[in-house]
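# What the coordinates show
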Amino acid sequence: MEELNFETSIKELEEIVSKLEKGDIELDKAYELFEKGIILAKNCENKLKNIENKVNKIIEDGKEKDLRIEESEE
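Anyway, here's the lowdown on the structure attached to this text. (Residues numbered from 1 in each chain as written. Predicted model: local features only at pLDDT ≥ 70, side-chain atom pairs only at ≥ 80, totals over all residues. Heavy atoms only, no water.)

## Description of the nonpolar core
One finds Leu4, Leu13, Ile16, Leu33 and Leu40 forming the largest nonpolar core, which totals five residues. For this core, the elements supplying multiple residues, two or more each, are α1 (6-22) and α2 (27-64). In this structure Ile16 touches Leu33, Lys36, Gly37 and Leu40, once residues within four positions along its chain are discounted. (Core = buried A, V, L, I, M, F, W, Y, C linked by side-chain atoms within 4.5 Å. Buried < 20%, exposed > 50% of the residue type's maximum accessible area, 1.4 Å probe, protein only. Helix = DSSP H or I, 4+ residues; strand = E, 2+ residues; numbered from the N terminus. Contact = heavy atoms within 4.5 Å.)

Given below as structure tokens:
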């Protein structure tokens with residue numbers, strides 16, 4: 001399976017869940033959809049972890065530079 005972006009993966013995952021919830025598909029097809037859904041969910045999880053790591057790195061770098069938020073004077 002080609003690498004999909006997060007939004008596309010979520011959309012496909014939602015479509016799979018909807019089809020499986022209806023329950024009107026054959027067992028073999030349900031299994032195929034379930035398997036694809038697991039792959040998509042792992043893809044989303046990996047992308048979220050990657051972004052979380054990047055955000056944490058930015059936050060850590062900001063602390064090292066002693067960034068301060070100045071209060072506005074009113």
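After presenting the structure, the write-up continues.
## A look at the pattern of salt bridges
Using the criterion set out here, one finds three salt bridges in the structure. Here Glu45 and Lys49 are joined by a salt bridge, their closest N and O atoms 3.4 Å apart. Placement of the pair is Glu45 and Lys49 together in helix α2, with a separation of four residues, close to one helical turn. Overall, Glu45 belongs to the partly exposed group, its relative accessible area being 41%. Given a relative accessible area of 44%, Lys49 falls into the partly exposed group. Note that Lys57 is salt-bridged to Asp61, the shortest N-O span being 3.1 Å. Residue Lys57 and its partner Asp61 are both found in helix α2; the two are separated by four residues, about one turn of the helix. The class of Asp61 is partly exposed, set by a relative accessible area of 24%. (Salt bridge = Lys/Arg side-chain N within 4 Å of Asp/Glu carboxyl O.)

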